[in-house]
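Here are the chains, one letter per residue:
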Amino acid sequence: QVQLTELGGGLVQAGGSLSLSCSCRANIFEISTMGWYRQVPGKEREFVASITVGSSTVYSDSVKGRFTASRNNGLNTAYLQMDNLKPEDTAVYYCNAKSEEAWLYYDAWGQGTQVTVSS
């Protein structure tokens, strides 16, 4: 079972910044694309950003230019730096790990952390 530990989140005013982190054990992290998703009540979970083992990143249009995904392979931790936050960024944020290896499948989720942006 793949376990992810999320830290970060909280309450910030519009225009402010927050950082999220997500860690897992080394032998999983080193073969995983790490993703970030968010969900608000009554809506489906939506993709925010992802970063591959090789540090290639993808962002949703809604966060491009404001959020930055990164990873520290030595610490087995992925990060989501969120700048210039807007009230519409308010959601529960989840990290995700997906295997990049064809021989091993997993699709694991963190426990979620609340991000609230006040106007």
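Here is a short report on the structure shown in this document. (Residues numbered from 1 in each chain as written. Predicted model: local features only at pLDDT ≥ 70, side-chain atom pairs only at ≥ 80, totals over all residues. Heavy atoms only, no water.)

1. Considering the packing of aromatic side chains
Applying the stated criterion to the full structure yields 2 aromatic pairs. Geometrically, the ring pair formed by Tyr37 and Phe47 is edge-to-face, given 5.6 Å between the ring centres and 75° between the ring planes. Residue Tyr37 is found in strand β4 (residues 32-39), and its partner Phe47 is found in strand β5 (residues 46-51); the two are separated by 10 residues along the sequence. Assessed through its relative accessible area of 16%, Tyr37 is described here as buried. With relative accessibility at 28%, the residue Phe47 sits in the partly exposed group. Both rings, one in Tyr37 and one in Trp109, keep their centres 5.0 Å apart while their planes meet at 65°; by these two values the pair is edge-to-face. Taken together, the residues span a long stretch of sequence, with Tyr37 in strand β4 and Trp109 in strand β10 (residues 107-109) at a distance of 72 residues. (Phe/Tyr/Trp six-rings, centres within 6.5 Å; stacked < 30°, edge-to-face > 60°. Helix = DSSP H or I, 4+ residues; strand = E, 2+ residues; numbered from the N terminus. Buried < 20%, exposed > 50% of the residue type's maximum accessible area, 1.4 Å probe, protein only.)

2. Quick notes on the pairing of β4
Counting buried positions along β4 gives 7 out of 8 residues, so the element sits mostly inside the fold. Where β4 meets β5, 5 bridges bridge the pair, whose relative direction is antiparallel. Within the sheet, the bridge partner assigned to Tyr37 lies in β5 and is Phe47. Where β4 folds back on β5, the antiparallel hairpin that results is connected by 6 residues, among which Gly42 adopts a positive phi of roughly 85°. (Pairing = 2+ DSSP bridges.)

3. Description of the environment of Ala102
Along the chain, the position of Ala102 falls in the loop between β9 (91-99) and β10. Separated by 64 residues in the primary sequence, Ala102 and Arg38 place their C-alpha atoms 26 Å from one another.

4. Quick look at the pattern of salt bridges
Close approach of charged atoms allows side chains with opposite charge to pair. Tallied over the entire structure, the rule returns 5 salt bridges. Between Arg66 and Asp89 there is a salt bridge; the shortest N-O distance is 2.7 Å. One end of the pair, Arg66, is in the loop between β6 (57-59) and β7 (67-72); the other, Asp89, is in the loop between β8 (77-82) and β9, with 23 residues separating them in the sequence. Across the pair, Asp89 and Arg66 agree in class, each one buried. A salt bridge links Lys98 to Asp107, with the shortest nitrogen-to-oxygen separation between them at 3.6 Å. Through salt bridges with shared partners, a single ionic network connects Arg38, Glu46, Arg66 and Asp89. (Salt bridge = Lys/Arg side-chain N within 4 Å of Asp/Glu carboxyl O.)

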